[in-house]
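Each chain is listed here by its residues.
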Amino acid sequence: MSTLVECVPNFSEGRDKAKVDAIIDAMKVEGVYLLDREMDADHNRCVITLVGERNAIAEAAIRGVGKAAELIDLNHHQGAHPRMGATDVVPFIPIEGVTLEDCVAIARHVGQEIWKRHQIPVYLYEAAAATPERQNLENIRRGQFEGIRAEIATNPTRQPDFGDARVHPTAGATVVGARKFLIAYNVFLNTTDVGVAKKIAKAVRQSSGGFRYVKGAGFLVRGMAQVSMNLTDFDQTPIARVFEFVKREAARHGVVPVSSEIVGLIPKKALEDAAEWFLQIENFDASLILENRLAAVMGGKMAVGGLRAGAEPFIEQLAAPTATPGGGSASAAAGAMAAGLAQMVAAMSRGKKNYAQYERELSTAIARLSELREELKAAIDADAMSYDAVVKAYKQAKDSSNGGAGVAAALEDATNVPLGVAERSREVTKIAESLRAVTNPKMSSDLAVSLALARAAIEGALANVEINLESLSDPQFVSAVRQKAEGLRLVLVSR
């Protein structure tokens, strides 16, 4: 897999196994794997953990939402857990080969499709939220299904991000978002006094002055006091630091931790960070772990020798005395780099206090730039493949009475690929220009480079378009493409 995304949809059904099985069956899409399923009868809720390639897992989530809408009626649903939808929440989490911003783009696509296919209104939360107020799930879900049903049409703050201002009559509304990996982590104490666990939980959780990105509560579990926690960003608040704090607080009350547990799954990086913390290894980096280095090098995701080593193979292929990759692939690569730089600038301003008023604009820009970056990366290979198809068509034409039609079709495809690169690169320039006013001015040089790369991509792609048009005889196709190309050239003239 080139990309790996986790999706953890929460459905408002934890008692009827047949319904949960049907929802899981609906989410069976090639390239998506079921890692875990948990049902809770008291909460009347199930949590499904899926992992897969970005496009496949998006489709799986959309199908699961549709099946849940068929099977679950919130008008008759009762359970301890708050809920506002048959599919209550659908978070996407980056695992490998994708960023949090990529998952924001996935969340926005899924939200649009849920409304389009199932007529269920969608709210965006966490990193995908268009406004700071909607980053917190609890703010969106306030009042649950009944509350949102009563207010969605009259209260402007309850307007969905996708869809009309009305809930689905039985499936309610769904919250879709992107977030980092959440670790459910519990520490058991050598006491039955749950009051001690509650005091420690109060000290450690963010809401009462403790660690940021930690939620905590105290319970009596298996005859022991338990400090139950959710770590919502283990990069910012490492699990080792949390354990050490709980241990210190426990000592103040005359108790000690006897064990800890992970509920569900935990990223390998979280354990690597814990090893670094406790072993105090100097200049530790995850790439120093043999298995990590081996997987990265064999998978082509890392080259020994720094950034140059990563870019060098493509540059050397461009320099080789072969027709592909050529200028078309290089133009696509330039466009992809332009989108990546602009996305980086937007991502580094989003979430900062000075740019809070631009949260919606930045989120929209990041989501679209992520899509453009992927499309332009795909065009690197598509351009080379379209050229190879033209060469093959010319060879086959020698042995066919209708070979000219095959050549024309191949040439048209070889024209459309760089035309698409130019169009996407033009969109990158528009977004990059718009970011000047809403991002940190200290990053203006990065935007300048992004714009220069995007313009180079447009110029190079259009040169490839023109060379292909010279070999085409369909006047209607040639005229339509030249008209589009002229509009794109205006970008280069106006710089």
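Preceding this paragraph is the structure being described.
Everything quoted here is computed from the prediction, not taken from an experiment.

Peer 1: I'm lost on the side chain of S363 in this one. Help?
Peer 2: Note that S363 resides in helix α12 (residues 359-397). Setting aside residues up to four positions removed in sequence, S363 forms contacts with A127, A129 and R350.

Peer 1: Help me understand the pairing of strand β9 (residues 214-221) in this model?
Peer 2: Along a regular strand, successive side chains alternate from one face of the sheet to the other. Of the pairings in the sheet, the one linking β9 to strand β10 (residues 224-231) comprises eight bridges and is antiparallel in character. Residue L220 lies in a different strand from β10, and its bridge partner there is A225. Once β9 ends, the chain turns through two residues before running back antiparallel as β10, passing R222 with a positive phi of about 50°.

Peer 1: Would you take a moment to explain a nonpolar patch on the surface for this structure?
Peer 2: The grouping of Y33, L35 and L265 at the surface amounts to a nonpolar patch, some 290 Å² of accessible area in total. You can see L35 is positioned in strand β3 (residues 32-40). The exposure class of L35 is partly exposed, given its relative accessible area of 44%.

Peer 1: Looking at this structure, I do not really get the nonpolar core. What am I missing?
Peer 2: Side chains that are nonpolar tend, in soluble globular proteins, to be buried together. I48, F92, V110, Y123, V175 and V176 are the most contacted members of the largest nonpolar core, which has 57 residues in total. Of all the elements, helix α2 (residues 54-71) adds the most residues to this core, at nine residues. Residues A414, L419, L469 and A485 belong to the second largest nonpolar core, which totals 45 residues.

Peer 1: In this structure, what is going on with the packing of aromatic side chains? I would like to understand it.
Peer 2: Describing an aromatic ring pair means giving the distance of the ring centres and the angle of the ring planes. Inspection of every chain in the model, using the stated rule, returns one aromatic pair. Between F211 and F245 the ring centres are 5.1 Å apart and the planes differ by 75°, which places this aromatic pair in the edge-to-face class. In this pair, F211 is assigned in the loop between α6 (194-204) and β9 and F245 in helix α7 (residues 239-252), connecting sequence segments 34 residues apart. Residue F245 is classed as buried on the basis of its relative accessible area of 15%.

Peer 1: Looking at this structure, how should I read the pattern of salt bridges?
Peer 2: Pairing is possible between side chains of opposite charge, provided their charged atoms come close. For the coordinates displayed, the defined rule picks out 30 salt bridges. Between E433 and R455 there is a salt bridge; the shortest N-O distance is 3.3 Å. Of this pair, E433 sits in helix α13 (residues 403-435) while R455 sits in helix α14 (residues 444-469), placing them 22 residues apart in sequence. Residue E433 is classed as partly exposed on the basis of its relative accessible area of 34%. Relative accessible area serves as the criterion here: at 19%, R455 is assigned to the buried category. Residue R489 pairs with E486 through a salt bridge whose shortest N-O separation is 2.9 Å. Of this pair, R489 and E486 both sit in helix α15 (residues 475-493), three residues apart, which is roughly one turn of that helix.

Calculation criteria
- Residues numbered from 1 in each chain as written.
- Predicted model: local features only at pLDDT ≥ 70, side-chain atom pairs only at ≥ 80, totals over all residues.
- Heavy atoms only, no water.
- Helix = DSSP H or I, 4+ residues; strand = E, 2+ residues; numbered from the N terminus.
- Contact = heavy atoms within 4.5 Å.
- Pairing = 2+ DSSP bridges.
- Patch = residues over 30% accessible without salt bridge, like charges linked within 9 Å, V, L, I, M, F, W, Y side chains within 5 Å.
- Areas by Shrake-Rupley, 256 points an atom, 1.4 Å probe, with all protein chains shown as cover.
- Salt bridge = Lys/Arg side-chain N within 4 Å of Asp/Glu carboxyl O.
- Buried < 20%, exposed > 50% of the residue type's maximum accessible area, 1.4 Å probe, protein only.
- Core = buried A, V, L, I, M, F, W, Y, C linked by side-chain atoms within 4.5 Å.
- Phe/Tyr/Trp six-rings, centres within 6.5 Å; stacked < 30°, edge-to-face > 60°.

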